[in-house]
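# Secondary and tertiary structure notes
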Amino acid sequence: MKSYSSFKVDAFPTLIMQFTNVLSVNELNNIFNILKTKDTSEDSTLINGKSCFNNSESILEELGISDIIQEKIDDYCREIKFKKLTITNSWFSIQDIGGLLLDHIHSGSVISGVFYINAGELSSPTVFENPNLLNNFNFSDPSTLTGYSKYTSQVMRFPPNTGDLLLFPSWLRHGSEYIVNKKKDRTIISFNTEWE
């Protein structure tokens with residue numbers, strides 16, 4: 001009997017990097033207290049939440065933490081073999097209990113990020129949609145599956161923890177999958193990047 005070999009190839013993976021404990025609890029509390037005093041306005045991606053997206057300021061620079069975030073972006077670039085990216089804009093948002101983050105992408109950016117300032121167990125997750133449209137077509141009927149795997153999952157959910165940072169391709173559609181936020185003042189900082 002002839003022997004054979006088999007190899008698994010994960011074709012076209014999408015890199016999401018998660019960093020934990022980016023800042024200390026005291027630093028995060030200080031940032032949270034500063035952000036709660038700032039002006040916000042309605043944001044088209046939020047239900048029952050507000051942001052400073054329409055302001056021209058860079059909240060990461062104002063808070064003095066852009067260098068820390070840039071280091072993590074540099075790590076992402078090394079992993080994916082990108083040239084250097086720099087932060088173009090940053091903003092914060094605060095969701096109240098009952099808030100939702102609608103599905104969206106970050107147009108005009110290369111890599112985007114979300115930094116959880118006040119999150120945790122009651123916070124709605126950040127949910128990324130599988131970008132492979134054929135996967136949705138082929139595996140959308142649960143009766144055809146014996147279980148879900150990384151090859152058949154329609155979404156990837158990240159439960160947010162205070163101090164975590166997620167970096168992801170800006171074209172990757174994400175939201176809260178209509179999972180309602182139950183955390184008072186769920187607060188994040190988001191940002192975009194461009195080639196240096």
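Each remark here, short or long, concerns the structure printed above.
Residues numbered from 1 in each chain as written. Predicted model: local features only at pLDDT ≥ 70, side-chain atom pairs only at ≥ 80, totals over all residues. Heavy atoms only, no water.

### A closer look at the sheet that holds strand β4 (residues 85-101)
Within the open sheet, the 7 strands sit side by side as β1-β8-β5-β10-β4-β3-β2. Their pairing is antiparallel. Taken across any chain shown, the strands that pair with only one partner, and hence form the sheet edges, are β1 (17-19) and β2 (41-42). Both strand β5 (residues 111-118) and strand β8 (residues 165-169) contribute to a ladder of 5 bridges, which runs antiparallel. Considered in β8, the bridge of F115 is made with L165. Each of β4, β5 and β10 (186-195) touches helix α1 (residues 25-35); the most contacted strand, β5, lies at about 95° to it. Those strands touched by helix α3 (residues 66-80) are β1, β4, β5, β8 and β10, and its axis lies near 105° from that of β4. (Pairing = 2+ DSSP bridges. Helix = DSSP H or I, 4+ residues; strand = E, 2+ residues; numbered from the N terminus. Contact = heavy atoms within 4.5 Å. Axes fitted to C-alpha atoms, helices over the stretch in contact; angles between N-to-C directions.)

### Observations regarding the packing of aromatic side chains
Counted by the stated rule, this structure contains 4 aromatic pairs. Ring plane angle 75° and centroid distance 5.1 Å describe the contact between F82 and W195, whose orientation is recorded as edge-to-face. Taken together, the positions of F82 in the loop between α3 and β4 and W195 in strand β10 put the pair 113 residues apart, joining distant regions of the chain. Judged by relative accessible area, which is 32%, F82 ranks as partly exposed. On the accessibility criterion, W195 (45% relative accessible area) is partly exposed. Among the aromatic residues, ring-to-ring pairing joins F128, F158 and F168 into one connected group. (Phe/Tyr/Trp six-rings, centres within 6.5 Å; stacked < 30°, edge-to-face > 60°. Buried < 20%, exposed > 50% of the residue type's maximum accessible area, 1.4 Å probe, protein only.)

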